[in-house]
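# Remarks on the overall topology
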Amino acid sequence: MCASEYQVHGEVAVITLDNPPVNGLGLALRSTITSAVTRANDDKGIKAIVLIGAGKAFSGGADITEFGKPSALAEPNLHTVINFVEASDKPVIAAIHGVAMGGGLELALACHFRVAVADAKIALPEVKLGILPGAGGTQRLPRVIGVEAALNMIVSGTEVPAGELAKTALFDQMISGDLLQGALAFARTVVSEKHPLKLVRDIRIDYPNHQAFLQFARNMVKPVAGPFPAPLKCIDAIAAAITSRSFDEGIKVEREAFLHLVQTPESRALRHFFFGERAASKIADVPADTPLRKIEKVAVIGAGTMGGGISMNFLNAGIPVTILETKQEMLDKGVATIRKNYESSLKKGKLTQEKFESRMGLLKPTLSYEDLQDADLIIEAVFEEIGVKQQVFQKLDAVAKPGAILASNTSTLDLNLIANFTKRPQDVVGLHFFSPANIMKLLEVVRGTATAKDVMATVMQTAKKIKKTAVVSGVCDGFIGNRMINQYSRQAGFLLEEGCLPQQVDQAIEKFGFAMGPFRMIDMAGNDISWAIRKRHYQECPEITYSKTADLLCELGRFGQKVGAGWYDYKPGDRSAHPSQLVNDMVIKHSADLGITRRKISDQEIVERLVYALTNEGACLLEEGIAQRASDIDMVYLTGYGFPLHRGGPMLYADIIGLPNVLNAIRKYAKGHHGECWQAAPLLAKLAAEGKTFN
Ligand code: 3H9
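No experiment lies behind these values; they were computed from the predicted model shown.

Within the chain, the secondary structure is distributed over 28 helices and 19 strands. Out of the 695 residues belonging to the chain, those deemed buried represent 55%. Look at the contacts in the chain between residues 6 or more apart in sequence, and 73% of them connect residues 24 or more apart. A total accessible area of about 29900 Å² is found for the chain, and carbon and sulfur atoms account for 55% of it.

In structure tokens form, the structure reads like this:
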């Protein structure tokens, strides 16, 4: 135990939880706590103990990186520590600032008293990791803030400011000013006034009407929980807090549920997402202390759907945006759309009048490139055609101030080529937003060969400010997301030729958990757009095979929802997809024209072919260094392509299925129709042979 972790202030021992970044309760910290509490109890001069956190938190909870490792269970485990603190003969006071979450809050709940600063964030967020509070949280929190409030906090995992809970038995005092001094003063009062030790476990829960409430809660939570088992298990554990004959019996129910949940694939997927999102923001060769360029003014070129959505991200973050168009009419239309979007939020009560006005006030429309001179970051969102991009970047090169970051929203074009349209390729980066850009979390940050490190560091930090999940991609056709989706779409097309109808493919993959199947999705995005991309793509690479069924659909003018007809039929004003006899006939005829005898294809085959096509291409991207890490690929798919969260992304899903199994399936499909698509990625084969995983 180091000196800073145990200090004596007169009759009070102060134990500091010190395990950066968030004082996660890993084995070393747990051992420190028990030794320090023992030391304080053994010291006759000590009359009370204060537990306080170093740095930015009391504690962020159990150390999630330990889950599944022997150290998580090694003694003293969190239960032992909590029981030990609770059993202390001398009063233990938790002094809370920053965050007290999960196991951190559970530790505080086992203390005899709790004081906090009003803005400390209090939460039991375990449900977001697919587990439940497993160190007494489901048993103690209802005892201090009431069953209903505790259930809301535990099932949603949301943070509540300590100030809002000030009047509950969770807190004995709110501290304004210095927390340690306030906690010491409180401890001295406890000692001088001989306050009896308060044990939360001894509080009786008196809730006569609990059955009706718990049933109501289950009915509400079940549909929202979807495939995740944790929310309902949280309710079971809270029910046990009310109905068990003893506190320890309730703890047993909670413990069993925790041990079950922590091993579920859903929890593994959610923990993967938690760490994956954070890992994605780090770039191996860009140190965390890289000096950043300042981004105080942004400009967006193009006021179409994309440009407008991109602008809103910055306006929402309080950053002024100059938006440029070539024609007044288009500019007015773009600004009107932004205004309409904000007005809709205003009407729904999601935005205050004041915020509405301040956001619109930050938007400056212009037709002149001269007005972009003072922008720190300029994002181009113009037509996806290299000649158009060339004109724009040459103009930008002429007007932008030195050091301004010039970004392209291209989704398919060569960023290095675009960078070389300027005399400052080091300042050029790709910022690939996903539509609708003001809503979708994903931002692919495309790093050109010349992009400067400080540009990368700056855009990653800016992405955080506008609340995006930024993932770095190297330059290749389609970057990470679209290059992989090409393989998925190719398989979807071949499945039609071999025996499926669009609705069967969509239903199978939607049952797997995708938000939308490939055909419903493309109907929404516009078949004409992918048609144009296909024409370019397959013209450039004629050796790549693909199903022509989608082209036949476009030749019929069935461009999707916007024209009321695509892979499905649509009724005016209604986005529901209705299977189309005409399309089904077309699909069947196309198979006949190709001389293919259609066969019955199982849902399992559909899912495997679509998902493993993603995994296999993902493995190629990793090997080529286009993606930095497997979890980055998963983040792209979870935040931008509707991959089911509970499956963890195409790479983690393959890890869970087992890479040898994935490889065997790929080798089987390589013997089938268009088997040439199924060249197993060498990395996949290597990892499978070595018994390793992507993550
Ligand atoms: C639990 O307690 C189970 C118990 O009920 C029962 C056990 C038997 N462990 O988010 P940030 C890392 S489950 C390990 O960017 P912020 C994070 O990975 C736990 N590491 O900062 C990142 O690392 P890096 C219940 C953790 O200031 C760094 O800290 N608790 C943990 O924006 C900074 O994170 C939770 O679910 C952890 N518990 O937000 C809380 N927490 O720098 C989860 C964080 O290497 N954590 N890290 O990328 C959070 O919600 C936020 O991290 C927090 C700080 C609000 C704490």
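Below, the discussion takes up the sheet that holds strand β8 (residues 160–161). Reading across the sheet, the 3 strands line up as β5-β7-β8 and stay open at both edges, with mixed pairing between neighbours. Single-partner strands in this sheet number two, and they are β5 (99–101) and β8. Along the sheet, helix α4 (residues 103–110) makes contact with β5 and β7 (121–123), crossing β5 at roughly 90°.

With that settled, the discussion passes to the nonpolar core. In terms of nonpolar packing, the biggest core is built from 90 residues, with Ile33, Val50, Ile96, Leu107, Ile122, Leu141 and Leu170 touching the most fellow members. Every residue in contact with Ile122, bar those within four places of it in the chain, is listed here: Ile96, Ala100, Leu105, Met153, Thr158, Glu159, Val160, Ala162, Leu165, Leu170 and Phe171. By size, the runner-up hydrophobic cluster in this structure holds 68 residues, among which are Phe494, Val583, Leu659 and Ala665.

Running from N to C, helix α18 (residues 479–498) and helix α24 (residues 603–624) point in directions that differ by 150°, and their axes come no closer than 9 Å. Classed by the angle they form, the pair α18 and α24 counts as roughly antiparallel. In the crossing of α18 with α24, the sense of the turn from one axis to the other is right-handed. Contacts between α18 and α24 involve Phe479, Ile480, Arg483, Met484, Ile485, Gln487, Tyr488, Gln491, Ala492, Phe494, Leu495 and Glu498 on the former and, on the latter, Ile606, Arg609, Leu610, Ala613, Leu614, Glu617, Gly618, Cys620, Leu621 and Glu624. Residues belonging to the contact of α18 with α24 are distributed by class as follows: 14 nonpolar, 3 polar and 5 charged.

The subject of this paragraph is the site of the ligand. Residues in contact with the ligand amount to 26 residues; listed here are only the nearest, Gly103, Glu106, Glu126, Arg278 and Lys282. For the ligand, a nitrogen atom lies 2.8 Å from a polar atom in the backbone of Gly60. In the environment of the ligand, a nitrogen atom lies 2.9 Å from a nitrogen or oxygen atom belonging to the backbone of Ala62. In isolation the ligand exposes 1000 Å². Once the protein is present, 75% of that is buried.

Taken N-terminus to C-terminus, the directions of helix α8 (residues 210–225) and helix α9 (residues 230–243) make an angle of 170°; their axes are 9 Å apart at the nearest point. It follows that α8 is roughly antiparallel to α9 by the angle criterion. When α8 is examined against α9, the residues His210, Leu214, Ala217, Arg218, Val221, Lys222 and Ala225 are found in contact with a partner set consisting of Pro231, Leu232, Ile235, Asp236, Ala239, Ile242 and Thr243. By residue class, the composition of the contact of α8 with α9 is 9 nonpolar, 2 polar and 3 charged.

So, about the domain arrangement of the chain. Considered domain by domain, the chain is made up of domain 1 (3–261), domain 2 (298–473) and domain 3 (481–690). Between the C-alpha centres of domain 1 and domain 2 there is a distance of 44 Å.

A separate point is a positive patch on the surface. A surface patch of positive charge is lined by Lys56, Arg278, Lys282 and Lys464. Along the chain, Arg278 falls in helix α11 (residues 265–280).

The subject of this paragraph is the sheet that holds strand β1 (residues 6–9). Pairing is mixed across the open sheet formed by 6 strands, whose spatial order is β1-β2-β3-β4-β6-β9. The sheet is open, and its two borders are formed by β1 and β9 (173–174), each paired with just one other strand. Summarising the sheet, strand β4 (residues 92–96) and strand β6 (residues 113–116) pair through 4 bridges and their orientation is parallel. When the sheet's bridge partners are listed, Ala94 is paired in β6 with Arg114. The strands touched by helix α1 (residues 27–42) within the sheet are β1, β2 (12–17) and β3 (48–53), with β2 carrying the most contacts at an inclination of about 175°.

What follows concerns helix α27 (residues 659–669). Here α27 has its buried residues at Leu659, Val662, Leu663, Ala665, Ile666 and Tyr669. The buried residues of α27 occupy one face: seen down the axis, they fall within an arc of 160°. Its buried side turned inward, α27 meets α24, α26 (650–657) and α28 (682–690).

It is worth spelling out the pairing of strand β14 (residues 405–408) at this point. Side chains Ile405 and Ala407 of β14 all project onto a buried face; the interleaved residues Leu406 and Ser408 project onto the opposite face, where all are buried too. In the classification by handedness, the crossover that spans strand β13 (residues 377–380), the intervening helix α15 (residues 386–399) and the parallel β14 is right-handed. As judged from the 3 bridges shared by β14 and strand β15 (residues 428–433), these two strands associate in the parallel manner. Opposite Leu406, over in β15, you have Val428 as the bridge partner.

A word on unusual backbone geometry. Residue Pro21 follows Pro20 across a cis peptide bond; omega there is 5°. Mapped onto the elements of the fold, Pro21 is located in the loop between β2 and α1. Notably, Asn23 is not glycine yet its phi reads approximately 55°, a positive angle. Its location among the elements puts Asn23 in the loop between β2 and α1. A positive phi angle, near 55°, is found at Phe479, a position not held by glycine.

Another aspect to go through is the side chain of Thr458. Looking at the element boundaries, Thr458 is found in helix α17 (residues 453–465). With a relative accessible area of 1%, Thr458 lands in the buried category. Engagement of the side chain of Thr458 in a polar contact is seen with the backbone oxygen of Asp454, the distance being 2.5 Å. Each residue touching Thr458, except ones within four places of it in the same chain, is listed here: Leu292, Arg293, Ile295 and Ile405.

A separate point is the environment of Ala169. Along the polypeptide, Ala169 turns up in the loop between β8 and β9. Of the residues examined, Ala169 reaches a relative accessible area of 39% and is grouped as partly exposed. Separated by 31 residues in sequence, Ala169 and Val200 place their C-alpha atoms 8.9 Å apart. Apart from residues lying up to four places away in sequence, Ala169 is in contact with Arg114 and Val144.

This part is about the environment of Thr639. Note on placement: Thr639 falls in helix α25 (residues 630–640). A residue is classified by how much of its surface remains accessible, and Thr639, at 9% relative accessible area, is buried. Along the chain, Thr639 and Glu277 lie 362 residues apart, while their C-alpha atoms are 9.6 Å from each other. If near-sequence neighbours (up to four positions away) are discounted, Thr639 is found in contact with Phe273, Met440, Lys441, Leu442 and Thr469.

Moving on, we get to helix α13 (residues 328–347). Taking 1.5 Å of rise per residue, the 20 residues of α13 would be expected to cover 28 Å, and the 28 Å separating its terminal C-alpha atoms lies within 8% of that figure. For α13, the full list of buried residues reads Leu331, Gly334, Val335, Ile338 and Tyr342. Looking straight down α13, one finds that the buried residues subtend no more than 90° of arc, so they occupy a single side. Facing away from the buried side of α13 by over 90 degrees, the exposed positions are Glu329, Lys333, Lys340 and Lys347. Elements that come into contact with the buried residues of α13 comprise α12 (305–316), β11 (321–324), α14 (353–361) and β12 (363–366). Downstream of α13 by a residue or two, Gly349 has a phi angle that is positive, lying close to 80°.

The rules behind these values
Residues numbered from 1 in each chain as written. Predicted model: local features only at pLDDT ≥ 70, side-chain atom pairs only at ≥ 80, totals over all residues. Heavy atoms only, no water. Helix = DSSP H or I, 4+ residues; strand = E, 2+ residues; numbered from the N terminus. Buried < 20%, exposed > 50% of the residue type's maximum accessible area, 1.4 Å probe, protein only. Contact = heavy atoms within 4.5 Å. Areas by Shrake-Rupley, 256 points an atom, 1.4 Å probe, with all protein chains shown as cover. Pairing = 2+ DSSP bridges. Axes fitted to C-alpha atoms, helices over the stretch in contact; angles between N-to-C directions. Core = buried A, V, L, I, M, F, W, Y, C linked by side-chain atoms within 4.5 Å. Parallel < 35°, antiparallel > 145°, perpendicular 65-115°, else oblique. Left-handed = near helix turned anticlockwise from the far one by under 90°. Nonpolar A, V, L, I, M, F, W, Y, C, P; charged D, E, K, R; others polar. Near = heavy atom within 4 Å. Polar contact = N/O pair within 3.5 Å; in protein donor to acceptor, adjacent residues only side chain to side chain. Domains from an automatic or database assignment. Patch = residues over 30% accessible without salt bridge, like charges linked within 9 Å, V, L, I, M, F, W, Y side chains within 5 Å. Salt bridge = Lys/Arg side-chain N within 4 Å of Asp/Glu carboxyl O. Lys, Arg positive; Asp, Glu negative; His and termini not counted. Charge placed at Lys NZ, Arg CZ, Asp CG, Glu CD. Arc of directions from axis to C-beta. Right-handed = clockwise from strand over helix to strand, strands pointing away. Expected span 1.5 Å × (residues − 1).

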